[in-house]
Amino acid sequence: MSNLSDEITRLLLISRILLISIGLPMFIGGTIGNFLNILAFARLPQFTKVSTSIFLLTSFIFGQVDLFGGFLFDLIYPISGSDPLTSFVVLCKLRWCLGPLGGTLGLYCICLAVMNQYLVTSRTVQYRELITRRRAVFIIIFIIIICIGFISPSLIFYTLVENSGNVTLCYVINPIFAEYYTYLAIIIYTLIPIPLLVIFSALTWYNVRHNLLQNRNLEQSITRLLFAQIIMVLLTALPNLVGQTYFFYTRTISKSLLRHAQENVLSSILNLFTFSTFSLPFYTYIVVSKPFRRNIKSLFSFNQHRVYSDIIVFNTNQQQANIRFSSRI
């Protein structure tokens, strides 16, 4: 019995160490990176003039909402030993509304950016001009409304409850909503966006290789930034899908305290993967793009000229579009 208790304590300690040693630097670094991305995509002319930047800018904003609304609460307990979610019902409700809402919207904005990039690299002029900045804003508003409709019921059904051991938990009071929320997380956070990212990345790759092959600057910049971020998102989203599938199929099984402790470690690892989706974009851009690094430096220097990204100018009065490029993103 003593050995079992020691093993449970050890596993809980491992979970706590993982969140503190990896999660806390990830949260701080991700927050700094997101604010720098927001600053760059809101101020740099090469980003403010294209519709894709609207989707990416919005993904950074909602990604930070996910970090503040979800990841921060997950870090407070292992750091302080006190869980604010079990002390304030408002925080309990907000954590399970703002966190998933921010993560879902951030992920779908990345999907929209990839879909728009496919249109921008199309040979057809009408496709390239289909999504304007104004239309991009309307699309984002529509997606926000849809996601709020799906996720906002958590504000009602998540509350504070006491278990058989008189321990207060932030939990779902309605079993039907618990089932709904489980399916919702699997479908809208993994099963829909992951195929969209893969399909439209492949289509964009095809466009770049076949339609604009003669323009090396555009090909290199799109493939470098686009596919680097897609790979990063897939690497962080797929483990979450595996974990969600496991917890879904084992949710009705009676589990021992030891297994709960083991799953707690697994849950901590999956949380690190999940929240790294919105902690790593800035650093992904920094690693894969030298011009992007220069542009970030130019934000804090008044004496340096900004390195402009690919500028595409279309002459709609001609049958063939004229495409002019300066430098890469």
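Residues numbered from 1 in each chain as written. Predicted model: local features only at pLDDT ≥ 70, side-chain atom pairs only at ≥ 80, totals over all residues. Heavy atoms only, no water.

(A) Representation of the side chain of serine 298. Looking at the element boundaries, serine 298 is found in helix α13 (residues 290-299). The exposure class assigned to serine 298 is buried, which follows from its relative accessible area of 3%. Only 2.6 Å separates the side chain of serine 298 from the backbone oxygen of asparagine 295, close enough to count as a polar contact. (Helix = DSSP H or I, 4+ residues; strand = E, 2+ residues; numbered from the N terminus. Buried < 20%, exposed > 50% of the residue type's maximum accessible area, 1.4 Å probe, protein only. Polar contact = N/O pair within 3.5 Å; in protein donor to acceptor, adjacent residues only side chain to side chain.)

(B) Examining the pattern of salt bridges more closely. A complete count under the given rule lists 4 salt bridges for this structure. A salt bridge links arginine 95 to aspartate 74, with the nearest nitrogen and oxygen atoms 3.0 Å apart. You can see arginine 95 sitting in helix α4 (residues 89-120) and its partner aspartate 74 sitting in helix α3 (residues 51-80), a full 21 residues away along the chain. Here arginine 95 and aspartate 74 have matching classes, each one buried. A salt bridge links arginine 259 to glutamate 263; the shortest N-O distance between them is 3.3 Å. (Salt bridge = Lys/Arg side-chain N within 4 Å of Asp/Glu carboxyl O.)

(C) Structural detail: helix α12 (residues 281-288). By the burial criterion, the buried members of α12 are Pro281, Phe282, Thr284 and Tyr285. Taken end-on, α12 shows its buried residues confined to a sector of 160°, consistent with a single buried face. (Arc of directions from axis to C-beta.)

(D) Expanded view of a positive patch on the surface. Taken together, the side chains of Lys290, Arg293, Arg294 and Lys297 define a basic patch exposed on the protein surface. Inspection of the secondary structure puts arginine 293 in helix α13. (Patch = residues over 30% accessible without salt bridge, like charges linked within 9 Å, V, L, I, M, F, W, Y side chains within 5 Å. Areas by Shrake-Rupley, 256 points an atom, 1.4 Å probe, with all protein chains shown as cover. Lys, Arg positive; Asp, Glu negative; His and termini not counted. Charge placed at Lys NZ, Arg CZ, Asp CG, Glu CD.)

(E) Structural context of the confidence of the model for the protein chain. Mean pLDDT over the protein chain: 83, with 87% of residues reaching 70 or higher. Counting interchain partners and residues more than four positions distant, the pLDDT-below-50 stretch residues 308-329 has 57 contacts. (pLDDT = per-residue confidence, 0-100. Contact = heavy atoms within 4.5 Å.)

(F) Structural detail: the pairing of strand β1 (residues 158-162). Alignment of β1 against strand β2 (residues 168-172), held across 5 bridges, turns out to be antiparallel. Looking at the pairing, tyrosine 158 lines up with valine 172 of β2. Linking β1 to β2, which pair antiparallel, is a turn of 5 residues; within it asparagine 166 sits at a positive phi near 60°. (Pairing = 2+ DSSP bridges.)

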